[in-house]
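Residues per chain, in single letters:
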Amino acid sequence: MANIKYEIKETIGDLSESSKGWKKELNLISWNDNIPKFDIRDWSPDHEKMGKGITLTNDELKKLRDILNEMKL
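Since we're looking at a predicted model, the values are computed, not measured.

J.: Go over a nonpolar patch on the surface with me, naming the residues and quoting the values.
T.: There is a patch of nonpolar side chains on the surface, built from L64, I67, L68, M71 and L73 and spanning about 510 Å² of accessible area. Positionally, L64 belongs in helix α1 (residues 58-70). On the basis of relative accessibility, which here comes to 32%, the residue L64 falls in the partly exposed class.

J.: Please give an account of the pairing of strand β2 (residues 23-31) that cites residues and values.
T.: In terms of burial, β2 is largely enclosed, as 7 of its 9 residues are buried. Relative to β2, strand β1 (residues 6-17) is paired through 9 bridges, and the arrangement is antiparallel. Opposite T11, over in β2, you have N27 as the bridge partner. Between β1 and β2, which pair antiparallel in sequence order, lie 5 residues; one of them, G21, sits at a positive phi of approximately 95°. As paired elements, β2 and strand β3 (residues 37-43) share 7 bridges and run antiparallel to each other. What sits directly across from E25, in β3, is R41.

What counts and what doesn't
Residues numbered from 1 in each chain as written. Predicted model: local features only at pLDDT ≥ 70, side-chain atom pairs only at ≥ 80, totals over all residues. Heavy atoms only, no water. Patch = residues over 30% accessible without salt bridge, like charges linked within 9 Å, V, L, I, M, F, W, Y side chains within 5 Å. Areas by Shrake-Rupley, 256 points an atom, 1.4 Å probe, with all protein chains shown as cover. Salt bridge = Lys/Arg side-chain N within 4 Å of Asp/Glu carboxyl O. Helix = DSSP H or I, 4+ residues; strand = E, 2+ residues; numbered from the N terminus. Buried < 20%, exposed > 50% of the residue type's maximum accessible area, 1.4 Å probe, protein only. Pairing = 2+ DSSP bridges.

This is the structure in structure tokens:
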């Protein structure tokens, strides 16, 4: 597997935490020196390991916010 370079530019918030200390986080991350995107994924406590996740542009995050706001929870 190729090395993936990442830099967490901003930690926005934690969504949950597992019993092993891994946290599902919303962060602003630059992947391979590209423009930072919003990212939701699980991270180990030291941020050295990560789970699968999803990255979103500003427009995609706004659309997701709108969809969530329309949901009746």
